[in-house]
Amino acid sequence: MITVQKLNHHFELGKKGNKTILPVLKDISFQVEKGEIVSVVGKSGSGKSTLLNLISGFIHPTEGEILIGDQRVTDFSETKFADFRLKHMGFIFQSFQLIPSMTAFQNIELPLILKGESESSREQRTLEMLNKVGLESFKDHYPSELSGGQQQRVSIARALVLEPPLILADEPTGSLDSETEAELLTFIKQLNTELGVTFLIITHDEEVARIGHRTITIRDGQLIEGADA
Amino acid sequence: MKWKDQFRFIRQNIKKNKVRTMMTILATAMGCAFLIVLASVGYGLQESVVKDTLEQQVVTEIDIYGFEEEGEYRSLTMDDIDYLESIDGVKAVTRRNQVRQIPMYMLEEYKAEAMTYVTHFPSEVEAGLKLQDGRMPEKENEVIVGSHFRNYLSVNTDDENIYDEETGEVKEEYIYPDDLVGKTINMEVRQDLEGENGTHTISLTVVGVLQEPSREWMQDQNVYISESVYNEIEEFTGTPGGELGIDPGNLETDTTDTFDEVHVYAKNLEKVQGIADKLEENNYAIYSVVNEMEQINMLFTIAKAGLILVGTIAIVIASIGIYNTMTMAVTERAPDIGIMKAIGANPKTIKQIFVLESSYIGIIGAIIGTIVAYLISVLVNIGLPFIIEMAFEDELPEGLQFSAIPPSLVFIAVGICLFVTILSGMRPAKRATQIDVLKAMRREI
């Protein structure tokens with residue numbers, strides 16, 4: 001599903017003429033198989049979020065290749081990557097990243113709108129997702145009117161509404177209490193089992209990492225263990 | 001993303017900042033209204049001038065002054081008339097000669113001086129000459145008179161009291177009181193050649209009175225005589241056209257078949273330009289209302305272009321407001337844009353939404369501006385004549401239109417408005433597409 005080959009990335013700090021190179025990822029190579037849940041763990045600043053951002057296409061790697069399915073996404077233009085993200089990827093963020101001026105229903109409906117789905121199909125699929133995450137009675141609530149757990153469930157519903165084969169999750173339980181965290185992890189496992197969705201979960205929490213079939217550990221930008229499936 | 005959904009997004013976004021958007025729309029509307037009202041003055045005055053020019057003249061008439069031959073102009077002859085009549089699209093060719101003195105006309109104790117013409121009546125009738133009373137002349141001593149001739153036929157006296165002090169016209173009680181048709185009037189012509197002085201009286205019968213000229217202020221007091229009477233005048237005076245005080249050595253040797261005034265009448269307005277072009281090609285010196293219209297229209301086109309340009313400046317100023325509004329909208333919505341980009345919104349779609357939003361502001365502003373401009377135009381046309389009359393105590397010409405808004409002006413104004421607003425929304429829209437997803441989601445923008 002995901003193939004990362006010899007991935008190197010550094011950030012350039014400072015102004016022109018006085019730039020400092022800050023290496024973040026060094027020679028990272030690993031694979032994630034279809035239907036797998038892979039946890040990427042590491043301390044804060046180890047480069048795990050950068051890795052996720054590179055796979056997501058939010059930033060472009062300095063060196064190396066990323067293949068998702070059979071597509072070499074590192075060659076994609078911004079526009080092409082946007083289309084690819086819409087069709088093949090779902091995202092779960094630590095801070096949920098819901099649009100505050102939209103209701104739960106509208107937030108979940110957004111990917112369907114961007115894809116150009118018909119209004120009737122959008123309504124049906126959005127209601128299905130709301131039902132799946134147990135928020136049908138909160139559909140007209142704005143994010144500010146929902147608890148952290150509910151917001152994360154809306155975020156998951158939005159990530160899943162287009163039924164992407166791959167979900168990238170960045171610290172998905174970071175803003176949740178332990179009870180909600182447990183609920184969410186169960187939900188992720190259920191989605192993986194029932195729908196065969198591949199998950200790449202970035203976390204520093206060992207509890208969360210444990211739901212993965214495999215764990216990749218990154219330290220100081222280098223892959224320490226878990227590269228092989 | 002479908003257009004319908006993009007419009008829904010725009011409406012939602014506008015709702016979030018109603019006041020700011022309304023103020024921007026208001027500025028755009030004011031700019032658009034200013035442009036339309038300003039240019040409408042050019043359109044209105046052009047319409048009035050064109051209408052006035054057309055009303056003053058017969059639009060199908062072409063005046064011919066002469067024929068250019070080796071750098072000099074000669075009068076038109078019967079050969080020219082035959083040629084003019086043969087041109088395709090010509091309805092009639094009228095020709096007149098003027099008696100080159102002003103004869104005195106007498107009827108009982110009334111008298112009047114009047115310009116006298118000999119004309120070809122069949123072609124005049126063909127050209128549209130109409131009588132209000134009587135019939136066309138059939139005999140040699142029969143004449144027709146202009147509609148105002150009777151007003152000048154006043155009591156034969158040197159008393160200045162017969163004139164109205166205010167208007168300078170003869171008072172009604174001193175004017176010949178009866179209809180002229182059927183009356184016999186005596187025309188007195190003078191002779192002044194080589195010391196021979198004398199007068200000669202020719203008896204004429206008025207058989208018809210011409211219709212009044214189309215414009216109220218125009219006066220027709222002329223007398224139209226037959227060719228034989230004209231010849232009799234020339235015979236008596238011994239000069240061409242009965243001219244007075246002429247040096248015998250300068251007498252024209254041959255005045256037969258030349259005409260002082262020749263007018264060509266086209267069958268319809270569309271034919272005028274073709275006939276005029278053909279006549280100019282063949283060295284005839286001409287004037288037609290179409291030529292005048294071309295010059296008037298050219299002048300007003302330049303004036304209108306200038307006014308539209310000045311008006312456009314107002315829209316450009318308003319567009320600064322749109323640019324500001326859109327830039328603020330992009331900054332405010334940066335986190336939302338970041339989220340949308342993260343989940344797969346195409347940068348083109350994001351740009352489209354912002355360009356559409358600025359166009360939306362532009363189109364609403366243009367619609368409101370157009371409605372306001374129409375209202376101002378109506379008010380100006382009603383109110384300004386009163387104000388000018390009160391302020392300057394001067395009466396304006398009847399039917400003068402200060403402001404006119406044809407659909408073409410609305411299209412031009414709305415087009416300029418849309419172009420400028422889209423242009424002002426382009427940069428903020430481009431900025432929206434360049435928003436960094438990670439920074440936006442971290443609320444760092």
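All values derive from a computational prediction rather than experimental measurement.

**So, the overall build of chain B**
Point 1. Broken down by element type, chain B carries twelve helices and 16 strands.
Point 2. Since a compact globule built from 445 residues should have a radius of gyration of about 22 Å, the 35 Å found for chain B marks it as more spread out than a globular shape.
Point 3. The principal-axis extents of the C-alpha atoms in chain B amount to approximately 115 × 55 × 35 Å.
Point 4. The buried share of chain B, reckoned over its 445 residues, is 46%.
Point 5. Considering only contacts within chain B whose residues lie at least 6 apart along the sequence, 77% involve residues at least 24 apart.

**A short note on the overall build of chain A**
Point 1. Within chain A, the regular secondary structure consists of seven helices and ten strands.
Point 2. The C-alpha radius of gyration computed for chain A amounts to 18 Å, which stays within 12% of the reference 17 Å derived for 229 residues, consistent with globular compactness.
Point 3. Counting only C-alpha atoms and orienting by the principal axes, one finds that chain A spans roughly 50 × 35 × 35 Å.
Point 4. Across the 229 residues in chain A, those meeting the buried criterion constitute 53%.
Point 5. Counted over contacts in chain A with a minimum sequence separation of 6, partners at least 24 positions apart contribute 70%.
Point 6. Summed over all atoms, the accessible surface of chain A reaches about 10,500 Å², with 45% contributed by carbon and sulfur.
Point 7. The centroid of the 23 positive side-chain charges in chain A is displaced by 6 Å from the centroid of its 32 negative side-chain charges.

**Some remarks on the domain arrangement of chain B**
Point 1. Taken domain by domain, chain B holds domain 1 (3-55 + 295-441) and domain 2 (94-262).
Point 2. Computed over C-alpha atoms, the centres of domain 1 of chain B and domain 2 of chain B are 62 Å apart.

**Here's the deal with the sheet that holds strand S4 (residues 63-68) of chain A**
Residues and elements named next belong to chain A.
Point 1. Pairing in this open sheet of four strands is antiparallel, and the strands run S2-S1-S4-S5 from one edge to the other. In the strand order of this sheet, the two ends are held by strand S2 (20-32) and strand S5 (71-72), each with one partner.
Point 2. Pairing analysis gives two bridges linking S4 to S5, with the strands arranged antiparallel. Opposite Ile 68, over in S5, you have Gln 71 as the bridge partner.

**Notes on unusual backbone geometry**
All names here are of chain B.
Point 1. With a phi angle near 50°, Glu 108 is a residue other than glycine that sits in the positive phi range.
Point 2. Along the polypeptide, Glu 108 turns up in the loop between strand S5 (104-107) and strand S6 (110-113).
Point 3. Looking at Glu 108, the relative accessible area reads 60%, which means it is exposed.
Point 4. Notably, Asn 283 is not glycine yet its phi reads approximately 70°, a positive angle.
Point 5. Mapped onto the secondary structure, Asn 283 falls in the loop between helix H7 (269-281) and strand S16 (284-288).
Point 6. By relative accessible area, which is 37% here, Asn 283 ends up partly exposed.

**A short note on helix H6 (residues 227-237) of chain B**
Residues and elements named next belong to chain B.
Point 1. Those residues of H6 lying buried are Val 229, Tyr 230, Ile 233, Glu 234 and Thr 237. The buried residues of H6 occupy an angular sector of 145° when projected down its axis, which confines them to one face. Exposed and oriented more than 90 degrees from the buried face of H6 are Glu 227 and Glu 235.
Point 2. One or two positions beyond H6, positive phi appears at Gly 238, with a value near 75°.

**Quick word on helix H10 (residues 347-392) of chain B**
All names here are of chain B.
Point 1. The largest bend in H10 comes to about 35°, at Gly 383, with the proline Pro 385 one to four residues further on.
Point 2. Taking the backbone nitrogen of Lys 348 as reference, a side-chain oxygen 3.0 Å away marks Asn 346 as the first, capping residue of H10.
Point 3. Glu 393, located one to two residues past H10, shows a positive phi value of around 50°.

**Some points on the side chain of Thr 198 of chain A**
Residues and elements named next belong to chain A.
Point 1. Its place among the elements puts Thr 198 in strand S8 (residues 198-203).
Point 2. In terms of polar contacts, Thr 198 uses its side chain to reach the backbone amide nitrogen of Gly 35, at 2.8 Å.
Point 3. Residues within four places of Thr 198 in sequence aside, it is in contact with Met 1, Val 32, Glu 33, Lys 34, Gly 35, Glu 36, Pro 165, Leu 166 and Ile 167.

**Considerations on the confidence of the model for chain B**
Point 1. When pLDDT is averaged along chain B, the result is 87, and 96% of the positions lie at 70 or above.
Point 2. Across chain B, the element-wise mean pLDDT spans from 84 in helix H1 (residues 3-16) of chain B up to 94 in strand S9 (residues 142-145) of chain B.

**A look at the sheet that holds strand S3 (residues 37-41) of chain A**
Residue and element names in this part refer to chain A.
Point 1. Spatial strand order, S6-S7-S8-S3-S9-S10: six strands in an open sheet with mixed pairing. Strands with a single pairing partner mark the edges of an open sheet, and in this sheet they are strand S6 (89-92) and strand S10 (222-225). Ignoring which end each strand starts from, the neighbouring axes of this sheet average 25° apart.
Point 2. As paired strands, S3 and strand S9 (residues 214-219) are joined by four bridges and run parallel to one another. Within the sheet, the bridge partner assigned to Val 38 lies in S9 and is Arg 214.
Point 3. Together, S6 and strand S7 (166-170) form the strand contacts of helix H2 (residues 78-88), whose direction differs from that of S6 by roughly 80°.
Point 4. Its contacts with the sheet put helix H6 (residues 178-195) on S3 and S8, and the angle it makes with S8 is roughly 155°.

**Examining the interface of chain A and chain B**
Point 1. Contact residues are listed per partner, giving 29 residues for chain A and 23 residues for chain B.
Point 2. Where chain A touches chain B, the interface holds four salt bridges.
Point 3. A salt bridge links Arg 8 of chain B to Glu 109 of chain A, with the nearest nitrogen and oxygen atoms 3.6 Å apart.
Point 4. Summed over the shared surface of chain A and chain B, the result is eight residue pairs in polar contact (both at pLDDT 80 or more).
Point 5. Among the secondary structure elements, those contributing two or more residues to the side of chain A that touches chain B are H2, helix H3 (104-115) and helix H4 (119-132) of chain A.
Point 6. Class assignment of the residues belonging to the side of chain A that touches chain B gives a composition of 14 nonpolar, seven polar and eight charged.

**Examining the environment of Val 290 of chain B**
Residues and elements named next belong to chain B.
Point 1. Tracing the sequence through the fold places Val 290 in helix H8 (residues 289-332).
Point 2. The exposure class of Val 290 is buried, given its relative accessible area of 14%.
Point 3. Remark: the alpha-carbon pair of Val 290 and Val 59, spanning 231 residues in sequence, is separated by 7.3 Å.
Point 4. In this structure Val 290 touches Leu 269, Val 272 and Gln 273, once residues within four positions along its chain are discounted.

**A few points about the UniProt feature "domain: ABC3 transporter permease C-terminal" (unreviewed entry) in chain B**
Point 1. In the numbering used here, UniProt assigns the "domain: ABC3 transporter permease C-terminal" (unreviewed entry) feature to residues 309-435 of chain B.
Point 2. Secondary structure over residues 309-435 of chain B splits into 83% helix and 0% strand, and the C-alpha atoms at its two ends are 36 Å apart.

Each value, and the rule that gives it
- Along each chain, residues carry numbers from 1 onward, in the same order as the chain's sequence is written.
- Think of it this way: whatever chain is written first is A, whatever ligand is written first is 1, and the rest follow in order.
- It should be noted that, the model being predicted, local features are given only for residues of pLDDT at least 70 and side-chain atom pairs only at 80 or more, the latter also being counted only at that level, while totals for whole chains, interfaces and linings use all residues.
- Each side-chain value is worked out from all heavy atoms of the structure, with water and hydrogens disregarded.
- Put simply, DSSP marks the helices as runs of H or I at least four residues long and the strands as runs of E at least two long, and each gets a number from the N terminus on.
- For this measure, only C-alpha atoms enter the radius of gyration; the expected value for a globule follows 2.2 Å times N^0.38, where N is the number of residues.
- Three labels apply to residues, based on accessible area from a 1.4 Å probe with only protein chains included: buried if under 20% of the type maximum, exposed if over 50%, partly exposed otherwise in between.
- It only takes one pair of heavy atoms within 4.5 Å for two residues to be counted as in contact.
- Note on areas: Shrake-Rupley with a 1.4 Å probe; residue coverage comes only from the protein chains shown.
- Charge assignment: positive for Lys and Arg, negative for Asp and Glu; neither His nor the chain ends contribute.
- Charged groups are reduced to one reference atom each: NZ for lysine, CZ for arginine, CG for aspartic acid, CD for glutamic acid.
- Domain start and stop positions are those given by an automatic or database domain assignment.
- Note: two strands are recorded as paired if DSSP finds a minimum of 2 bridges between them.
- Note that the arc is computed from the directions linking the helix axis to the C-beta atoms.
- Working definition for bend: take the seven residues up to and ending at a residue and the seven starting at it, fit an axis to each, and measure the angle between the axes.
- The definition of a polar contact used here is a pair of N or O atoms within 3.5 Å, where within protein one atom must be able to donate a hydrogen and the other to accept one, and adjacent residues in sequence count solely through side-chain atom pairs.
- pLDDT is a per-residue confidence score from the predictor, ranging from 0 to 100.
- Here the axes come from fitting lines to C-alpha atoms, over the contacting stretch only for helices, and the angles between their N-to-C directions go from 0 to 180 degrees.
- For salt bridges, the criterion is a side-chain nitrogen of Lys or Arg within 4 Å of an Asp or Glu carboxyl oxygen.
- Put simply, Ala, Val, Leu, Ile, Met, Phe, Trp, Tyr, Cys and Pro go in the nonpolar bin, Asp, Glu, Lys and Arg in the charged bin, and everything else, Gly too, in the polar bin.
- UniProt positions are given in the numbering used here, feature names are shortened, and annotations may be inferred rather than shown by experiment.

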